[in-house]
Every structure is written in structure tokens, then in C-alpha cells.
Amino acid sequence: MQSVNMLLKNFVRCSAFPFAVQHGMKKDLFGLCRTLILSPCLKEGSSHNPSEKLDLDEWKKVMKSGLQEVSETVSEHEELSTLAAARETVEMWRLAGRSVPENISEDQLKTFIECPSKSSKKKYLKYLHLKELYKKNDKRKMDEKRERRLETQDKASKTDEIKRNSFTCLWANAIDKTHNWRAAQAMVFGQPLVFDMSFENDMSPREVTNTVRQIVLSEGCNRKSVDPFHIHFCNLKENSQYHREFMKYYREAWDKLLITVTDQCYTNVFPKDKIIYLTADSPKVMKTFDHDKIYIIGSMVDRSIKTGVSLAQAKRLGLETACLPLEKYLLWNTGAKNLTLDQMMRILLTLKDTGDWRKALEFVPKRKYCGFVGRSVHELKKSLSLMNTLKHGKRQEEVRKQFAKNYSKKLTQK
């Protein structure tokens, strides 16, 4: 038994360990070797019973499985090393000036390795190189064709636009010149209209942005009108938030605007007895448009509807105030009686040209009133109450009966 143990020990030391060390697989065989060394049959100086026997069949199975794993890993390493060597040879041939493709895949490398001779390898690489050149050439032709098609489309669209827009461009330039000429005449002979820019501290930055946007729309409406106002921006400080927002909109055209901009108060520019401050909080109702007065509009947009701010400003300066006669001409439905600055500009321009309140108040949003007040005020009030009851769902059956009764009376009267 001792002789068998010595033979096994010598076999393991002479065959398994040098093979594992040579191929870098000592760790894989470590468990196997440990089991063999630490087995009770292989320990030196240990007492063994004569009944203990070595299971050689099991040991052979373990050895075969370990050697199979080692062979698989060795084959993988050999395959990777052969692929790397093939790629290096391809790179060397490319540096030598031979016909070699720029990009080569692993499958193509494997096919390259399987070629039996050097001439067949050269032919295969030349075939891949020509195939790559054909693909690049086809792609270049497609790109050039696409670029030519886009260029012809752009040229055709530009010529069509020139043919179609030549007259419109001339017409637009002529209209711009007439508008600028009218605005220049208004700066000399026109009626002044003042925008008060002293409410910057009463608004948030977003509200200031909305205010400037509405003033820009107002300036455009005024410039396109038949008889424009001479617009004044008073209390406009340089580098204020108003000024910065105006520069965002106008940019280089800010210095070319046909308006008057000043940081002084309007009371220092115009006489107080000719100034009328237009505010929705005024107790005095404006009856007619006066061409000799100077109207002031507060440049303020407030989402929280701060009442009395512009009225307090006018009272502090001792100015006359007025509000539009909305309730006199309109059957008001819902919402506050505050209008936007561009709506005020359109209303004042229409009043200046026609003097008709019905035409001027058509620029009030339709959602805020039911109709104009005329001879049938009673009927309009009845229709308003009818709409409110239908909207809130109160007494719908009674309203329908009353409507049917009134409708039958109208039919009998006819």
C-alpha cells in the first residue's frame, strides 16, 4: 500500500504540477492537488488502517475533467492569440502598401487564417479591399446626388419666391415708407399720447415683460393708422427693466423709432390743465374724445388686479382722471373692466378717427359683454339673466316655460 501511495505522489508531482505551471493553470488544479495531498492516504507519517483503499476510478474521473478544462482554456487562449497575430500581419501589410481593407471583422480574420497559402490570403484581403472601395464609392455617389437634388430644389424655390415676391416686396417697402412718413408727421403735428413708465416697482418681472409686449403692439397699431398719435414714453429710466425689455424687442431699431423717450415726468413736459389720466378706477366717465387734451395711459399689467394704483398716481400729481364708458354702451357680463394697452390704443385711435363709441368699443373682448346697449335694454337684461340661469342650472324648467310663452306671444303679435 505504501508503494502505491509513493507512486501516486511521484506521478502528481512529475506530471500535473509542471504542466499547470507551464500553462498558467496552477490555480485551476489547486483544489485537485489539495485533495490529493490532504487525503489520508497521502499524508506522510500518518497512521492508516489496512481496511482503507484508494478509489482510483474516482481519481481518474477528476483528473480527466481537470485536464479537459485546461485544454479548453488553452484552446481559447490559442484562438485569441492567433486572431491577434492575424490582425498584426494585416496591419503590417497595410503599412507595407498592400491592398488591405481598413476595417476587418473577426469572421473575416478567421477566414483569413483558414486560407491555405500566402497567395490566397493576399487575394482574399485584396477582395475585401475592393469590396470596401465599391461601398465607399456608392455612398459618395449617393451623397453627391442628394446634394445636387437639394441644390436644384433650393434654386427653384428661390427663383419662385423672387418671381412671386418681387411685387409684394416693393409694395411692402412702399407701405413701410408711408407709415414712417405718417409717424414722422405725427411727431411734429400729431396729438401726444403718453405712456407712464413709473410702475416698475409695482409689478413682477413677468408682468413688466407682458407690459412691454403690449406697448410694442400698441406702437405698431399706431404707426399703421391713418392719423397716428405722437407717442411719448415718460419716466423711462435708462437701464431700467422697461428699457432692457424694449432693447430685447427692438435692438438696433430702438434708436430709429419715431417716438419721444424721456426720463422726465409728463407734468414737466405738458401743462397740467390739458392732461387727462385714463384709469379704470376713475369716478368720472369720459363722454367724448377731446383732440386738444393729452391722454395718459398707465403702463401697468397686473395679474392680481391692484385697484387704485394709477388713480393714486394721478391724484398725487393733481391731474384730471377719466374712465371709458363701458357700462353706458356695453351690457357687461363677467370680468374686470381693465383692458390691455393695445386694446386701449385701438379704442383711442378709432375714437380719434370716427368719434363713434360703438365702433371703438368693438375692440373690447367679446367674452366680457353680451352686447351693445340700445333701445331694447330690457330684452338684453332678460337674455343675460336667462344665460346665467342656464349656466348655473337653476330653474331650467321654469326658464324654458317662460321662453316658450314669450315666443308664442311674439308669434301671435306678428
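An account of the accompanying structure is given in this report. The shown structure was predicted, so the numbers you read here are calculated from the model rather than taken from an experiment.

This part takes up the nonpolar core. Of all hydrophobic cores here, the largest spans 57 residues; its most connected members are Phe195, Phe233, Phe246, Tyr266, Met286 and Val364. If one sorts the elements of this core by residue count, helix α11 (residues 341–353) sits on top with seven residues. Setting aside anything within four residues of it in sequence, one finds valine 364 in contact with Leu326, Leu330, Trp332, Leu339, Ile347 and Tyr369. In this structure, Ile104, Phe112, Cys115 and Leu125 belong to the second largest nonpolar core, which totals twelve residues.

All right, on to unusual backbone geometry then. Positive phi values are uncommon outside glycine, yet asparagine 235 reaches one of about 60 degrees. Structurally, asparagine 235 can be placed in the loop between β2 (230–234) and α7 (241–250). Given the relative accessible area of 14%, asparagine 235 is considered buried. A positive phi angle, close to 55 degrees, is found at arginine 251, a residue other than glycine. Mapped onto the elements, arginine 251 comes out in the loop between α7 and β3 (260–261). Exposure remark for arginine 251: the relative accessible area of 57% places this residue in the exposed category.

This part is about the packing of aromatic side chains. For any pair of aromatic rings, geometry is given as the distance between the ring centres together with the angle between the planes. A full pass over the atoms with the stated rule returns ten aromatic pairs. Centroid distance tryptophan 93 to phenylalanine 112: 5.9 Å. Interplanar angle 85 degrees. Geometry classified as edge-to-face. Residue tryptophan 93 is found in helix α3 (residues 56–95), and its partner phenylalanine 112 is found in helix α4 (residues 106–114); the two are separated by 19 residues along the sequence. For the pair tryptophan 93 and phenylalanine 112, a shared accessibility class is recorded, and that class is buried. Taken together, a centroid distance of 5.2 Å and an interplanar angle of 20 degrees make the contact between phenylalanine 233 and phenylalanine 246 stacked.

Applying the stated criterion to the full structure yields nine salt bridges. Between arginine 140 and glutamate 144 there is a salt bridge, with the nearest N and O atoms lying 3.2 Å from each other. Of the two residues, arginine 140 and glutamate 144 both sit in helix α5 (residues 118–189), four residues apart, roughly one turn of that helix. In this structure arginine 140 comes out as partly exposed when scored by relative accessible area, which is 43%. Measuring nitrogen to oxygen at the nearest pair gives 2.6 Å for the salt bridge that ties lysine 284 to glutamate 320. Taken together, the residues span a long stretch of sequence, with lysine 284 in the loop between β4 (275–278) and β5 (294–298) and glutamate 320 in strand β6 (residues 320–322) at a distance of 36 residues. The class for glutamate 320 is partly exposed, based on a relative accessible area of 29%.

Thresholds applied
- Residues numbered from 1 in each chain as written.
- Predicted model: local features only at pLDDT ≥ 70, side-chain atom pairs only at ≥ 80, totals over all residues.
- Heavy atoms only, no water.
- Core = buried A, V, L, I, M, F, W, Y, C linked by side-chain atoms within 4.5 Å.
- Buried < 20%, exposed > 50% of the residue type's maximum accessible area, 1.4 Å probe, protein only.
- Helix = DSSP H or I, 4+ residues; strand = E, 2+ residues; numbered from the N terminus.
- Contact = heavy atoms within 4.5 Å.
- Phe/Tyr/Trp six-rings, centres within 6.5 Å; stacked < 30°, edge-to-face > 60°.
- Salt bridge = Lys/Arg side-chain N within 4 Å of Asp/Glu carboxyl O.

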